[in-house]
Amino acid sequence: VATTTTALKGAGPVTGSRSFFSRLRDGDEIARLVTLLFAATVVLITAALVWELWVNSALPRQKFGFHFFVTSVWDPIVDQFGALPFIYGTMVTSAVALLIAVPLGIGAAIFLAELAPPRVSDTLQFFIDLLAAVPSVIYGLLGVFIVVPVMRTVIYPALNKPFGYLPIFKGPSYGVGFMTAGIVLAIMVIPYIISVSREVLLSVPRDQREAALALGSTRWESTWKVVVPFAKTGIMGSIFLALARALGETMAVTMVIGNTPKIAASLFAPGYSIAAVIANEFTEATGDLYLQSLIALGLVLFLLTFILNGLARILIVVTTQKGSEVGG
Amino acid sequence: MSSGRLRWRKFVSNFMLAMTGVCALVSVLVLFFILGYLLFNGGTSINWDFFTKLPKPVGEAGGGMANAIVGSGKILLLASLMGVPIGFLGGIYLAEFSGKGMASVVRYAADLLNGVPSIVIGIFAYSLVVLPFKHFSAYAGAFALGIMMIPITLRSTEEFLKSVPRMLREGAMALGASKWKTIASVIVPAAYRGIMTAILLALARVAGETAPLLFTAFGNRFESHGWSQPTATLPVMIYTYAVSPYDDWHRQAWAAGLVLLGLVLIINILARTILSRGIAVPRS
């Protein structure tokens, strides 16, 4: 391999010694410049996106400052904009989603990576990939016509009767609300947790498992006490990825959360989320401050997902590298 | 005593492993449940009018979504014309021409773009395309979707080009081909299945996007001529019809849902079949 690399590198100086025009005629230089132009476009678009979000949210930043995040009055008529109800809604729905999706997703990933024969595992993974491809508006459609009625007639009575004294299960249910949105989100993010966790678990070196089994542990003990801890950081990464996805999800949440800018302790109460308020009010926003407050919410969403995605990527890379180092 | 303990550990092992199987089963069953429910509800709602008629005035039963089907097609075409060249040529730069510095900046930008929530992309397209022209348009919607196609196409093109065996490259160069000729006539053709797959997957992903179209392409109950009019699309129609109070609109939402899901899943399956018939390539 080393010799071929030097052979290729050796071609470099020959190309370099020719005049710029001869290289231009050859087309190499043109091809490089053209593709560079397109690659630079990607950087330009990303920079422009950040710039537009920042510049177009200047008004609320000047007028409200930090209060934007901690006040809960959202009243376009008197030009008061506080984002707290939306931030609360986004956080609560995402938390409910993760509470459901994490155990289910990791369980399924363990089955696919550790237990299922390769052929079965690949087939199931194919279906999981298809599940990830289902458009969010379809989840919203099913949410509106299936999850909302089931919530009102089955889940609400089942939780409210025995646990109604708890603040999170108190009060009436309209079908729509934090919990409904959380359930729909959970179904949407499960495929992400499964796919990434499965990859990470598969990258755990085989001798880790064999060593545990040789020491007399059962199959579950080797999985739970050796393989999963080895892949822990990567699994965390998959959870962060799912969280970023849940925070930014718009359509499915908008259709089932109830769109009421209130902070309520009850999970059955209707609420609102950052993405949902942007989707609902953007085209109706009159006045610069109103529109820019919505764009500021977009900026918040951007920053949150930016941080989470960055963390997720680092965690996943660290784990898979650890696997190849120990195993290699 | 010790055999009882062993029996208990074995029981726990079998029980927990069975539970993971249940988790996997539940997750996959959700897909079939979604498919079955849409097939049932959409299948009973769909009719020929759905594909050929325009929407009826509010409150009147009947009509279809011909304009939205055409609109989605127009916007997806325009989005591909924007997203695919940038992603593809940018990917060639990353795989073949780049030095270390510029490449990592481009990769970072693409990964960042890939993680941006689609509604935020919508805001960006609104402030860049809708505001200056003071008009919701197919252009604006396509701009938003085009941006979303770029990172997927870019990173996959890079991956697949890099996975082309070095021997092919050296063979072409040994025959005296210039670098770009090597790329155009040897490397890209060798990786084309993978690249096609990536483009199709990118298309499938944006085909179902609703949020970035809400305030870029907006919507329209009539046929939109040209590209600078507000344009109806299937996903936005599903959303509007599903949250409306009319039964007949609900019926049409199911029909549109079936058409959209069918389209997205068929593109996905097609893309994966193209890939699996080809050479062994890395997963993105």
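Cut-off values and rules
Residues numbered from 1 in each chain as written. Chains lettered and ligands numbered in written order. Predicted model: local features only at pLDDT ≥ 70, side-chain atom pairs only at ≥ 80, totals over all residues. Heavy atoms only, no water. Helix = DSSP H or I, 4+ residues; strand = E, 2+ residues; numbered from the N terminus. Rg over C-alpha atoms; globule rule 2.2 N^0.38 Å. Buried < 20%, exposed > 50% of the residue type's maximum accessible area, 1.4 Å probe, protein only. Contact = heavy atoms within 4.5 Å. Areas by Shrake-Rupley, 256 points an atom, 1.4 Å probe, with all protein chains shown as cover. Buried area = accessible area lost by both parts, 1.4 Å probe. Salt bridge = Lys/Arg side-chain N within 4 Å of Asp/Glu carboxyl O. Polar contact = N/O pair within 3.5 Å; in protein donor to acceptor, adjacent residues only side chain to side chain. pLDDT = per-residue confidence, 0-100. Core = buried A, V, L, I, M, F, W, Y, C linked by side-chain atoms within 4.5 Å. Expected span 1.5 Å × (residues − 1). Bend = angle between axes of the 7 residues up to and from the residue.

## Section: the overall build of chain B
Right, on to step 1. Along chain B, the regular secondary structure elements total 11 helices and 0 strands.
Right, on to step 2. Here the C-alpha radius of gyration of chain B, 24 Å, is well above what a compact globule of 284 residues would show, namely 19 Å.
Right, on to step 3. Overall size of chain B, expressed as C-alpha extent along the three principal axes, is 75 × 70 × 35 Å.
Right, on to step 4. Per-residue burial for chain B yields a buried fraction of 51% across its 284 residues.
Right, on to step 5. The long-range share in chain B, meaning contacts at least 24 apart out of those at least 6 apart in sequence, stands at 77%.
Right, on to step 6. Total accessible area on chain B stands at roughly 12700 Å², and carbon and sulfur atoms take up 69% of it.

## Observations concerning the interface of chain B and chain A
Right, on to step 1. Across the contact, 81 residues belong to chain B and 81 residues belong to chain A.
Right, on to step 2. Across the interface of chain B and chain A, roughly 7000 Å² is buried in total on both sides, 81% from carbon and sulfur atoms.
Right, on to step 3. Here chain B and chain A share 2 salt bridges between them.
Right, on to step 4. A salt bridge links Glu221 of chain A to Arg9 of chain B; the shortest N-O distance between them is 2.8 Å.
Right, on to step 5. Summed over the shared surface of chain B and chain A, the result is 9 residue pairs in polar contact (both at pLDDT 80 or more).

## Topic: the pattern of salt bridges
Residues and elements named next belong to chain B.
Right, on to step 1. Inspection of every chain in the model, using the stated rule, returns 13 salt bridges over all chains.
Right, on to step 2. Residue Asp49 is joined to Lys53 by a salt bridge in which the shortest nitrogen-to-oxygen separation is 3.2 Å.
Right, on to step 3. Taking the relative accessible area as the measure of exposure, Asp49 reaches 29% and is therefore partly exposed.
Right, on to step 4. With its nearest N and O atoms 2.9 Å apart, the salt bridge here joins Arg169 to Glu96. In this pair, Arg169 is assigned in helix H7 (residues 166-174) and Glu96 in helix H3 (residues 66-97), connecting sequence segments 73 residues apart.
Right, on to step 5. Within this structure, Arg107, Asp111, Arg155, Glu158 and Lys162 form a network of salt bridges that share partners.

## Here we look at the confidence of the model for chain B
Residue and element names in this part refer to chain B.
Right, on to step 1. When pLDDT is averaged along chain B, the result is 90; 96% of the residues meet or exceed 70.
Right, on to step 2. Here residues 279-284 is modelled with pLDDT under 50, and outside its nearest four sequence neighbours on either side it reaches 10 contacts, counting other chains as well.
Right, on to step 3. Our summary of model confidence lists the complex with pTM equal to 0.90 and ipTM equal to 0.90.

## Notes on the nonpolar core
Right, on to step 1. Counting residues in hydrophobic clusters, the biggest one holds 190 residues, and the most contacted among them are Trp74, Ile138, Leu201, Ile278, Phe282 and Leu297 of chain A together with Ile119 of chain B.
Right, on to step 2. Residue contacts for Leu201 of chain A: discarding those within four places in its chain leaves Ala109, Ile110, Ala113, Glu114, Arg209, Val227, Val228, Ala231 and Ile235 of chain A.

## Observations regarding helix H8 (residues 136-163) of chain A
Right, on to step 1. A rise of 1.5 Å per residue sets the reference length of H8 of chain A, with its 28 residues, at 40 Å; its end C-alpha atoms lie only 32 Å apart and thus fall more than 12% short of the reference.
Right, on to step 2. Considering bend angle alone, the principal kink of H8 of chain A is centred on Met151 of chain A and spans about 50°.

## Details of the confidence of the model for chain A
Right, on to step 1. For chain A, mean pLDDT is 88; residues scoring 70 or higher make up 91% of the total.
Right, on to step 2. Between residues 1-16 of chain A, whose pLDDT stays under 50, and residues either more than four places distant or in other chains, the model counts 8 contacts.

## Topic: the side chain of Ser80 of chain B
Right, on to step 1. Take Ser80 of chain B: it is sitting in helix H3.
Right, on to step 2. Leaving out residues up to four positions away in the same chain, Ser80 of chain B has contacts with Pro85, Met149 and Leu203 of chain B.

## Here's the deal with the environment of Trp220 of chain A
Right, on to step 1. Turning to its location among the elements, Trp220 of chain A is positioned in helix H11 (residues 219-230).
Right, on to step 2. The exposure class of Trp220 of chain A is buried, given its relative accessible area of 9%.
Right, on to step 3. Taking the C-alpha atoms as reference points, Trp220 of chain A and Glu114 of chain A, separated by 106 residues in sequence, lie 9.6 Å from one another.
Right, on to step 4. Apart from residues no more than four positions distant in its own chain, Trp220 of chain A is found in contact with Lys225 of chain A together with Val12, Ser13, Met16, Leu17 and Thr20 of chain B.

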